[in-house]
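# An overview of the molecular structure
Here's the letter readout for the chains.
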Protein chains: 2
Amino acid sequence: MGHRDGSVDFKINLHKVYQAIEEADFFAIDGEFSGISDGPSVTALTSGFDTPEERYQKLKKHSMDFLLFQFGLCAFKYDHTDSKHVTKSFNFYVFPKPFSRSSPDVKFVCQSSSIDFLASQGFDFNKVFCSGIPYLNQEEERQLREQFDEKRSQANGAGALAKCPVTIPEDQKKFIDQVMFQRKLIYQTLSWKYPKGIHVETLETDKKERHIVISKVDEEERKRREQEKYTKEQEELNDAVGFSRVIHAIANSGKLVVGHNMLLDVMHTIHQFYCPLPADLNEFKEMAICVFPRLLDTKLMASTQPFKDIINNTSLAELEKRLKETPFDPPKVESAEGFPSYDTASEQLHEAGYDAYITGLCFISMANYLGSLLSPPKMCVSARSKLIEPFFNKLFLMRVMDIPYLNLEGPDLQPKRDHVLHVTFPKEWKTSDLYQLFSAFGNIQISWIDDTSAFVSLSQPEQVQIAVNTSKYAESYRIQTYAEYVGKKQEGKQVKRKWTEDSWKEVDRKRPHMQGPCYHSNSFTAAGVVGKRTLSPDPREAALEDRESEEVSDSELEQTDSCTDPLPEGRKKSKKLKRTKKELSLAGSVSDSPAVLFEVPDTW
Amino acid sequence: MGHRDGSVDFKINLHKVYQAIEEADFFAIDGEFSGISDGPSVTALTSGFDTPEERYQKLKKHSMDFLLFQFGLCAFKYDHTDSKHVTKSFNFYVFPKPFSRSSPDVKFVCQSSSIDFLASQGFDFNKVFCSGIPYLNQEEERQLREQFDEKRSQANGAGALAKCPVTIPEDQKKFIDQVMFQRKLIYQTLSWKYPKGIHVETLETDKKERHIVISKVDEEERKRREQEKYTKEQEELNDAVGFSRVIHAIANSGKLVVGHNMLLDVMHTIHQFYCPLPADLNEFKEMAICVFPRLLDTKLMASTQPFKDIINNTSLAELEKRLKETPFDPPKVESAEGFPSYDTASEQLHEAGYDAYITGLCFISMANYLGSLLSPPKMCVSARSKLIEPFFNKLFLMRVMDIPYLNLEGPDLQPKRDHVLHVTFPKEWKTSDLYQLFSAFGNIQISWIDDTSAFVSLSQPEQVQIAVNTSKYAESYRIQTYAEYVGKKQEGKQVKRKWTEDSWKEVDRKRPHMQGPCYHSNSFTAAGVVGKRTLSPDPREAALEDRESEEVSDSELEQTDSCTDPLPEGRKKSKKLKRTKKELSLAGSVSDSPAVLFEVPDTW
């Protein structure tokens, strides 16, 4: 099996990974998954008026059973002598290969559209399934450690235990004929009869035949052998922890981690390599900040001023192209010796290592652009610069109309939504029926919830009451204000919450033991954490939502979302499609919904 | 993408498959899955005292979310001139590739132990995921047909529809800028203005750019083009139905289908290519018989007299070896020209096509052995011989102690189990605790249900009441008779049944439309269907259970089950392991439980 050496390769090269992490200024990451949504239609999964909590719950429920099976890491280090960035990029194929018969037998879901899409991009599934690097989450690692410790303490303490040798009941003779038992008996009898001066161990031949080898040894030799065994066990344990060690190293470094539309990447990474995701969003935020103290989402950055006015399409591929043109200045980047060098002219999109690489390029270009706005301009902005701090720990929220990001460092934005209606209707209704219904109200925006309900945002909050009043005598449909809808939903939740309070506590206890630095206290307040940035509503931000609704005008949950291509629902990343301007304006009626932007510091 | 031509290959070679099916005497089949059990521990999944109904429910619930992704078919045809069997074997990689944006986006589960095992056998996952043959079940096929029909009737009736052209409300102008709408508008306006003499169609260029092509045509040309389009649509539909067409052809042939331990293969085949499995076992039996009117399970055959006395290990690999030795006579087999020829000396186990091939060989050897017992001996027994009829439509039941098979043609055997106890105990208990508890009763057999309960079968039914009485004042454990246990379980089920009665009806309506011959009436009676065979308890059969419990002494659900190898739970097929006789006898205390065997006809 020539291809079954993935974890051996990994072991041999792990020091290179560690070194890259050690010396890097920042990292870019990207994940490829076996699927995106294992639940309701993607339209329902990403409703335009989801609260961040709702979105988190949906993604947690419907996306975490998929496998993150390719992890791209690109480490960037600035070379001051040559004024260039030096990159080391890695493409890790990961697979939860069972370590032993007692190790967890992970089940994961594949979504045929996602698999088919990756196949069309030339993805090598044999690299995942035949030579993927194993991993353990923290609980599994703890259990394995315990198993090893137990085994060792049994071996060491066997003398004590065996001082009273096992008595064999007459009628159990047949049963104890078991090899397991015989083995135990041999071990115990030997250590009882020869508490010192003997070394017992089980060896396996190439043909998987197991032998018990007993050798006469002096105390020194016995200790040496014990030590040898211990070292070997530690190595086995490290092998089993496998790829998680890379994630731990990234986390421990405390360095900036950049991703593009990275919420799902972060959720999957924590879920797979740390612990199952916590029950509620606030706990997740604490956890995410503990694992990755500094995250930056290039999609959020590109969608925010001063970039949003000059960047039309924030999909990764389009962004990368745009940032090669004025007013941007493509950075000087070179791959380190012995590392893959990517050519952005011949795109290798959707290989995680390449996507991570160009995500890093995008970050550098945008950061440098911020520097160019200073007077005097600063040509090269580092990953530690205050200029980029406003973008820290804010993860892009796909398709949410009026909340651009999930704020990991505190409470989320709470737009008023006093111009939004919740409409219920027969399942035969189509978008055109809704446009028809609201034809008197001018521009509206529709955000489907499911087959029989949608949010409709009007251009003027004043119109809301008119619409509600007009609908009072309607039989086929029902209209309520957003506030009314939320109120009723909360009532339902309160009841449910009471019932699940105990299980919440359960989850709380299971919070992972964090190995990385933890800059975050267990409780947080909005003022304390949001810090220097102030939040203010800014109607200019509305264009962002336009762009988003264009990109996802089909029922697609796109991570790169450059796409209105008719792909089956749930496909992760999009084919590139030449579209006419006309097509782009389809769902593009201008929204007047208030949106929120963080203020640009004076220094910009 | 060199490997993305799997379905093209399939299309080109389908006639070869059809021909092989057409001319064959019988088939052997085998499936490889993405996993085996997505549920409780396998011990719990296959308890030794499951009823057939319980076993069916467990497999349905915990195994059907996996994907059957490799289907092996080997067609056997006897060449009378040369007195040899000629084989044509096929290895189909199947994958539910989405046919279009509206086609189902199938999600399936992978079990890491199963995937890892297949990987270790050199399985090529890229062949599945990159070039797997698509398929549709019957409902999906029906829906797709309907879609095509609707599209066509719309195109034909468009003139009528478009006689009243769509009015465009003023305030909807923006909305209808949609390309979809424009397209519709163009189509409708054209067919309204030019009801005849014009042909409109949408073409896609290689670059995925879509154009509407309008051409002036006379009536004859228009009809020709319509016909051309219809033919193309039918072809697309056939492509989408894909591999299901092979299964339909096998089913339609009504010929004997042989498999080894084939219950899961049959369940998966029906589930994936016909319809979701029905709610209860009797419905499943009807369905299975309708799809495959003649099934034969070589593992059941090998486990039954006259074979069971002379065959020790019924795992496929071991069986194949055994059947090369006296008193068996390996058949003369050759592969047809242009078809892969397998060499049984260099095993290629776990490639579905190879496994199907040797399953067929095993069947021939055993059938011929039956012929050799006749006087005068019959050297070559055909797939239509009455000699093999007793083995028809009885599928081997893994690890059930006293019911050797699932009887597809009628009610299942109902062993008395009056020597069986149901024991509940603390979860700390191990097998040794149970042996200890029953140490006064001589030989016992233990069949775990879950962490805190097990069936214990005693050697004498008379001991049962003694055990129950003795346990009355016990605090840590509880003992009841099997009859008591079943009675309580039935009570619970009655209540549940009331609640789900409506959903049962639902399933009934969804029964698939069978394309194959259906030899089976909707209601059956035991006497009528079991026919010439009589069922009688035969204590000699007990040895079968011994063998089974040996083979699965670890918590394994093994399809080939030659294995007590410490593999992770749920791995489908087993590595081969040299085991000492001693190891084999561990769980092998001789059972005195009554078992049932069908009588051997006089003619043998």
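Residue indices follow the written sequence of each chain, beginning from 1 at its first position. Written order determines the labels here, with chains lettered from A and ligands numbered from 1. Local features in this predicted model are restricted to residues of pLDDT 70 or higher, and side-chain atom pairs are both shown and tallied only at a pLDDT of 80 or more, whereas totals for entire chains, interfaces and linings draw on every residue. Side-chain measures here rest on the full set of heavy atoms in the structure, leaving out hydrogens and waters.

For the rest of this paragraph, the subject is the overall build of chain A. Note on conventions: DSSP H or I runs of at least 4 residues are helices, E runs of at least 2 residues are strands, and numbering of each starts at the N terminus. Within chain A, the secondary structure is distributed over 20 helices and 17 strands. Categorising residues by exposure relies on relative accessible area from a 1.4 Å probe, with only protein chains included: less than 20% of the type maximum marks a residue as buried, more than 50% marks it as exposed, and the intermediate range marks it as partly exposed. Counting every position in chain A, which comprises 604 residues, the buried fraction comes to 53%. The contacts in chain A between residues at least 6 apart in sequence include a share of 73% that link residues at least 24 apart. Counting only carbon and sulfur atoms, one obtains 52% of the accessible surface of chain A, whose full area is about 27,600 Å². Residues are treated as being in contact if the distance between any of their heavy atoms lies within 4.5 Å. Residue burial considers only the protein chains on display, and all accessible areas are found by Shrake-Rupley using a 1.4 Å probe.

Residue and element names in this part refer to chain B. For proline 104, the position within the fold is in the loop between strand E3 (84-93) and strand E4 (107-111). You can call proline 104 partly exposed: its relative accessible area is 35%. As for proline 104 and glutamate 140, which are separated by 36 residues in sequence, their C-alpha atoms are 7.9 Å apart. Not counting residues within four places of it along the chain, the set of residues in contact with proline 104 comprises Pro98 and Glu140.

Looking now at the sheet that holds strand E15 (residues 478-481) of chain A. All names here are of chain A. Overall, antiparallel pairing links the 4 strands, which are arranged E13-E14-E12-E15 in an open sheet. Every other strand in the sheet has two partners, leaving strand E13 (444-450) and E15 as the edge strands with one partner each. Here the strands of the sheet are splayed against their neighbours by 25 degrees on average, with no regard to which way each runs. Each pair of strands is called paired provided DSSP finds at least two bridges between the two strands. One ladder, built from 6 bridges, connects E13 with strand E14 (residues 453-458); its direction is antiparallel. Axis definition: a line fit to C-alpha positions, over the contact stretch in the case of helices; interaxial angles, taken between N-to-C directions, run 0 to 180 degrees.

Moving on: the packing of aromatic side chains. Residue and element names in this part refer to chain A. Put simply, two rings from Phe, Tyr or Trp (the six-membered ring, in Trp's case) pair if the centres are within 6.5 Å, and we call them stacked under 30 degrees between planes, edge-to-face over 60, tilted for the rest. One pass over the full model with this rule turns up 66 aromatic pairs over all chains. Pairing phenylalanine 90 with phenylalanine 339 gives two aromatic rings, centres 5.3 Å apart and planes at 85 degrees, and the pair type is edge-to-face. In this pair, phenylalanine 90 sits in strand E3 (residues 84-93) while phenylalanine 339 sits in the loop between strand E9 (333-335) and helix H14 (352-372), placing the two residues 249 residues apart along the sequence. For the pair phenylalanine 90 and phenylalanine 339, a shared accessibility class is recorded, and that class is buried.

Residue and element names in this part refer to chain B. Taking burial as the measure, the 10 residues of E3 include 8 buried ones, the bulk of the element. Taken together, the 10 bridges between strand E2 (residues 68-79) and E3 define a ladder with antiparallel strand orientation. Looking at E3, one finds that tyrosine 78 is bridged to histidine 85. Taken together, E2 and the strand that follows it, E3, pair antiparallel across an intervening segment of 4 residues, in which serine 83 is found at a positive phi of about 50 degrees. Relative to strand E9 (residues 333-335), E3 is paired through 3 bridges, and the arrangement is parallel. The residue of E9 that forms the bridge with valine 86 is glutamate 334.

Residues and elements named next belong to chain A. Reading across from one edge, E8-E7-E1-E2-E3-E9 is the order of the 6 strands in this open sheet, with mixed pairing throughout. The sheet is open, and its two borders are formed by strand E8 (295-297) and E9, each paired with just one other strand. Within this sheet the neighbouring strands show an average axis-to-axis angle of 30 degrees, counted without direction.

The next thing to look at is helix H4 (residues 112-120) of chain A. Of all 9 residues that make up H4(A), 8 are buried, and the element is covered over most of its length. Taken together, the buried positions of H4(A) are A:Ser112, A:Ser113, A:Ser114, A:Ile115, A:Asp116, A:Phe117, A:Leu118 and A:Ala119. On its buried side, H4(A) packs onto strand E1 (26-33), strand E2 (68-79), strand E4 (107-111) and helix H5 (125-129) of chain A together with helix H5 (125-129) of chain B.

Turning our eyes to something else, we now look at the pairing of strand E1 (residues 26-33) of chain B. All names here are of chain B. Of all the 8 residues making up E1, 8 are buried; the element is thus mostly covered by neighbouring parts of the structure. Burial along E1 is two-sided: the residues Phe26, Ala28, Asp30 and Glu32 and Phe27, Ile29, Gly31 and Phe33 are all buried. Of the pairings in the sheet, the one linking E1 to strand E7 (residues 256-259) comprises 3 bridges and is parallel in character. Paired with phenylalanine 27 across the bridge in E7 is valine 257.

Here we come to the state of the cysteines. Here, a disulfide means two cysteine sulfur atoms that sit within 2.5 Å of each other. Scanning the model with the defined rule gives 0 disulfides over all chains in all. In this structure A:Cys275 is a free cysteine whose sulfur lies 11 Å from that of A:Cys290, the closest cysteine sulfur available. We classify A:Cys275 as buried; its relative accessible area is 6%. Not part of a disulfide, B:Cys362 finds its nearest cysteine sulfur in B:Cys74, a span of 12 Å. With relative accessibility at 1%, the residue B:Cys362 sits in the buried group.

The subject of this paragraph is unusual backbone geometry. For the bond running from A:Gln305 to A:Pro306, omega is 0 degrees, close enough to zero to count as cis. On the secondary structure map, A:Pro306 appears in the loop between helix H12 (298-302) and helix H13 (316-322). The omega torsion of the bond from A:Thr326 to A:Pro327 falls at 5 degrees, within 30 degrees of zero and hence cis. Tracing the backbone shows A:Pro327 in the loop between H13 and E9. Located in the positive-phi region is B:Ser83, a residue other than glycine, with phi close to 50 degrees. Its place among the elements puts B:Ser83 in the loop between E2 and E3. Overall, B:Ser83 belongs to the partly exposed group, its relative accessible area being 41%.

In an α-helix, one full turn covers 3.6 residues, which means residues spaced three or four apart are oriented alike. Residues and elements named next belong to chain A. With 23 residues, helix H8 (residues 219-241) should cover 33 Å at 1.5 Å per step; its first-to-last C-alpha distance of 33 Å lies within 8% of that length. Within H8, the full set of buried residues consists of Glu233, Leu237, Ala240 and Val241. Positive phi appears at glycine 242, one or two residues downstream of H8, with a value of about 50 degrees. Given a helix with a known number of residues, its expected span is that number minus one, times 1.5 Å.

UniProt positions are given in the numbering used here, feature names are shortened, and annotations may be inferred rather than shown by experiment. What UniProt calls "domain: Poly(A)-specific ribonuclease RNA-binding" (unreviewed entry) maps, in this numbering, to residues 410-487 of chain A. Across residues 410-487 of chain A, helical content stands at 27% and strand content at 28%; the span's end C-alpha atoms are separated by 23 Å.

Moving on to the environment of B:Val200. All names here are of chain B. Relative to the assigned elements, valine 200 resides in strand E5 (residues 198-204). Remark: the alpha-carbon pair of valine 200 and isoleucine 214, spanning 14 residues in sequence, is separated by 4.6 Å. Once residues lying within four places of it in the same chain are set aside, the contact partners of valine 200 are Tyr187, Leu190, Ile212, Val213 and Ile214.

Before going further, it helps to examine the confidence of the model for chain A. As a general rule, the predicted coordinates of low-pLDDT regions are not to be interpreted in detail. Residues and elements named next belong to chain A. A residue's pLDDT is the predictor's confidence in that residue, given on a scale from 0 to 100. With 73% of its residues at a pLDDT of 70 or more, chain A has an overall mean of 77. The low-confidence segment residues 158-166, where pLDDT is below 50, has 9 contacts with residues more than four positions distant or belonging to other chains. Within the model, the stretch residues 514-604 combines pLDDT values under 50 with 253 contacts to residues more than four positions away or in other chains. Interface confidence in the predicted complex, given as ipTM, is 0.76; pTM for the same model is 0.77.

With that out of the way, let us pick up the side chain of B:Glu320. Residue and element names in this part refer to chain B. Inspection of the secondary structure puts glutamate 320 in helix H13 (residues 316-322). Polar contacts here mean pairs of N or O atoms no more than 3.5 Å apart (in protein, one a potential hydrogen donor and the other a potential acceptor; neighbouring residues in sequence count only if both atoms are side-chain atoms). There is a polar contact of 3.4 Å between the side chain of glutamate 320 and the side chain of lysine 324. Not counting the four nearest positions on each side in its chain, glutamate 320 is found in contact with Thr344, Ile358 and Cys362.

The next subject is the pattern of salt bridges. Any carboxyl oxygen of Asp or Glu within 4 Å of a side-chain nitrogen of Lys or Arg constitutes a salt bridge here. Scanning all chains against the criterion turns up 48 salt bridges over all chains. Across the pair A:Glu334 and A:Lys84 runs a salt bridge, and its minimum N-O distance is 2.7 Å. Of the two residues, A:Glu334 is situated in strand E9 and A:Lys84 in strand E3; the sequence distance between them amounts to 250 residues. Overall, the relative accessible area of 40% leaves A:Glu334 in the partly exposed class. The salt bridge involving B:Lys58 is made with B:Asp50; its shortest N-O contact spans 2.8 Å. Across the pair, exposure class does not vary: B:Lys58 and B:Asp50 are buried alike.

It is worth spelling out the side chain of A:Asn126 at this point. Residue position: A:Asn126 is located in helix H5. In this view, A:Asn126 contacts A:Ser131, B:Phe123, B:Asp124, B:Phe125 and B:Asn126; residues no more than four positions away in its chain are not counted.

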